[in-house]
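Chain and residue survey
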Amino acid sequence: MEETLGKMGISMKSKRFLQVIDEHFSKKEGTYLHDVCIDDHRVKVSSSSLAYAPWLEKMLGFLTGKYSLEGKNVLDVGCGTGELTVWMKLLGYNAKGVDVNNETLNMGRVLAKENGLNEELFINNPDGKLPFDDKSIDVITLFSVLEHISDEVLALLIPELKRVCRGVVYILVPNRLSPSDDHTGLWFVPWMPRKMALFYIRMRGGKYKYHISLSGEWDVYYRSWNRIKSLFGKDFALEFPDDDVIFPTLEMAPSLSFFGKRFQIGKHSFRIGIPIPVRLIESIFGYPTRAFYRYLNFLLIPRD
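Notes on the structure in this doc start here. All values derive from a computational prediction rather than experimental measurement.

**Description of the overall build of the protein**
Along the protein, the regular secondary structure elements total nine helices and eleven strands. A compact globule built from 304 residues should have a C-alpha radius of gyration of about 19 Å, and the protein, at 19 Å, falls within 12% of that. Taking the principal axes of the C-alpha coordinates as reference, the protein spans close to 50 × 50 × 40 Å. Within the protein, the proportion of its 304 residues that are buried is 49%. Nonlocal contacts in the protein, meaning residues at least 24 apart in sequence, comprise 70% of its contacts between residues at least 6 apart. Accessible surface for the protein amounts to roughly 15,200 Å². Of this, 54% is attributable to carbon and sulfur atoms. For the protein, the distance from the average position of its 39 positive side-chain charges to the average position of its 37 negative side-chain charges is 5 Å.

**Here's the deal with the environment of Leu-238**
Along the chain, Leu-238 falls in strand S8 (residues 236-239). For Leu-238 and Pro-302, which are 64 residues apart along the polypeptide, the C-alpha to C-alpha distance reads 9.1 Å. Leu-238 has contacts with Trp-225, Ile-228, Lys-229, Phe-232, Gly-233, Phe-298, Leu-299 and Leu-300, leaving out every residue within four places of it along the chain.

**A short note on empty space enclosed by the protein**
For the coordinates displayed, the defined rule picks out one cavity of 30 Å³ or more. Taken as a whole, the largest cavity encloses approximately 50 Å³ of empty space. Every residue along the wall of the largest cavity is listed here: Leu-146, Glu-147, Val-173, Pro-174, Tyr-221, Tyr-222, Arg-223, Ile-228 and Leu-296. A class-by-class count of the residues in the lining of the largest cavity yields seven nonpolar, no polar and two charged.

**Some remarks on helix H8 (residues 225-232)**
Among the residues of H8, Trp-225, Ile-228, Leu-231 and Phe-232 are the ones counted as buried. An end-on view of H8 places all buried positions within 125 degrees of arc, on one side of the element.

**Section: unusual backbone geometry**
Residue Pro-248 is bonded to the preceding Phe-247 through a cis peptide linkage, with omega at -15 degrees. The residue Pro-248 is located in the loop between S8 and strand S9 (258-265) in this model. Positioned with a positive phi, Ser-68 is a non-glycine residue whose angle comes to about 50 degrees. Within the secondary structure layout, Ser-68 lies in the loop between helix H3 (52-66) and strand S3 (73-77). Positioned with a positive phi, Ser-144 is a non-glycine residue whose angle comes to about 50 degrees.

**Digging into the pattern of salt bridges**
Under the criterion given, the structure shown has twelve salt bridges. The partner of Asp-134 in a salt bridge is Arg-163, with the nearest N and O atoms 2.7 Å apart. Of the two residues, Asp-134 is situated in the loop between strand S5 (122-124) and strand S6 (137-143) and Arg-163 in helix H6 (residues 151-164); the sequence distance between them amounts to 29 residues. By relative accessible area, Asp-134 is classed as exposed at 52%. For Arg-163, the salt bridge identified is with Glu-160, shortest N-O distance 2.9 Å. Placement of both Arg-163 and Glu-160 in helix H6 is noted, with a separation of three residues, approximately one turn of the helix.

**Topic: the side chain of His-183**
One can find His-183 in the loop between strand S7 (165-174) and helix H7 (194-203). Among the polar contacts made by the side chain of His-183, one reaches the side chain of His-148 at a distance of 3.5 Å. Within polar-contact distance, the side chain of His-183 engages the side chain of Asp-181 at 2.7 Å. In this structure His-183 touches Tyr-32, Leu-33, Glu-147, His-148, Tyr-210, Trp-218, Val-220 and Tyr-222, once residues within four positions along its chain are discounted.

**Here we look at a nonpolar patch on the surface**
Judged by side-chain polarity, Trp-187, Phe-188 and Trp-191 come together as a nonpolar surface patch covering roughly 310 Å² of accessible area. Mapping Phe-188 onto the fold places it in the loop between S7 and H7. Classification of Phe-188 by relative accessible area gives partly exposed; the value is 42%.

**Description of the nonpolar core**
Residues Trp-55, Leu-56, Leu-63, Phe-143 and Trp-218 are the most contacted members of the largest nonpolar core, which totals 59 residues. Among the nonpolar cores identified, the runner-up in size contains 35 residues, and Ile-137, Leu-142, Leu-157 and Phe-232 belong to it.

What counts, and where the lines are drawn
Residues numbered from 1 in each chain as written. Predicted model: local features only at pLDDT ≥ 70, side-chain atom pairs only at ≥ 80, totals over all residues. Heavy atoms only, no water. Helix = DSSP H or I, 4+ residues; strand = E, 2+ residues; numbered from the N terminus. Rg over C-alpha atoms; globule rule 2.2 N^0.38 Å. Buried < 20%, exposed > 50% of the residue type's maximum accessible area, 1.4 Å probe, protein only. Contact = heavy atoms within 4.5 Å. Areas by Shrake-Rupley, 256 points an atom, 1.4 Å probe, with all protein chains shown as cover. Lys, Arg positive; Asp, Glu negative; His and termini not counted. Charge placed at Lys NZ, Arg CZ, Asp CG, Glu CD. 1 Å grid on protein atoms, 1.4 Å probe; cavity = no way out; pocket = protein on both sides within 12 Å on 5 of 7 lines; lining within 4 Å. Points joined across faces, edges and corners; volume = space filled by probe spheres on them. Nonpolar A, V, L, I, M, F, W, Y, C, P; charged D, E, K, R; others polar. Arc of directions from axis to C-beta. Salt bridge = Lys/Arg side-chain N within 4 Å of Asp/Glu carboxyl O. Polar contact = N/O pair within 3.5 Å; in protein donor to acceptor, adjacent residues only side chain to side chain. Patch = residues over 30% accessible without salt bridge, like charges linked within 9 Å, V, L, I, M, F, W, Y side chains within 5 Å. Core = buried A, V, L, I, M, F, W, Y, C linked by side-chain atoms within 4.5 Å.

Pasting the structure below:
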C-alpha cells in the first residue's frame, strides 16, 4: 500500500506496517477495539481528503505562519505507532516521536524503515523527562494523548512541555461532553466518575475489554474544558486554532448541540433526544463555543 499526499506528491509506503498491525491485533479479534484500531491505523496512513495527512499539512503550515516559527523542529508526544510522526517527517519537518510504550514504537520503526527514514526518529521515554534541550522545539503535538494521562503524570509533563517549547503546543482530545466513549463505544462513559466508569466497563464483559494500554486497563481520563484550563493555565496561554484547520472537521464531527440519535426514513430525517442548552452553559460556566466541539483542538503558548 502506498499513499500520495496532494499536489506535493509525497508518498507513504505502508504495506509491511499494516501487516504488522493486523498481526498485532489478530489476538484481540471479537473485541470492540479490534475493528476500531484496525480502521484507525488504515486511516492514519491514508492521504484521502478525510484522513490525517492533508490536515497535518494544513495545520503545520497554519502554525508556522501564525506564530512566525522559523524552524521546523516538531515533537510528537505520545506518538504511539508513529503514522503521524512519519507523515510530518515526509512533509519536510524535523519530526521526532516519543512514547512510553516501546512495543508500539517498534511498529512505528517498521513504518519509518519502510519509508526510508531513520528508526531513531522514535524515542522510548518511560521516565517522563523529555530528552531535548530547553526551547529547542517549534511545535509539540499531543494527538489523542491528553485523555490517556493522569493528573499525576500530567503534573510532571507540563513543566517539561514548557521547558522544551519555543513555539506552540497543539492538543487534540475528545470532549468530555461527548455522550459516548471512543475507546469502548459505550454510551455515557465520559460523563461518569472514573471509578464508576472502570466498574461499568468491567461489568460489560470481554467484548469491551480495553487492551491497548501498558496496564491492559481502561486508562482514559475525561476532563471538562474548565479543568483543562486550570491544569495548563499557570504555564500556558490557551488559544483555539481556526475552524478550517481542526481535526476532525465539523462536517465529520458536528458540534455537541444535541444528545440523541438521528433517524432517516426515505427523504425525511428526524431525531430523538435532548437539546444541549449551549448558550446557558456558556453564560453560567464561561465555556467558549469551541468547548462544545466533539473533539477539542486547542493551542498552548508558553507564558514567560
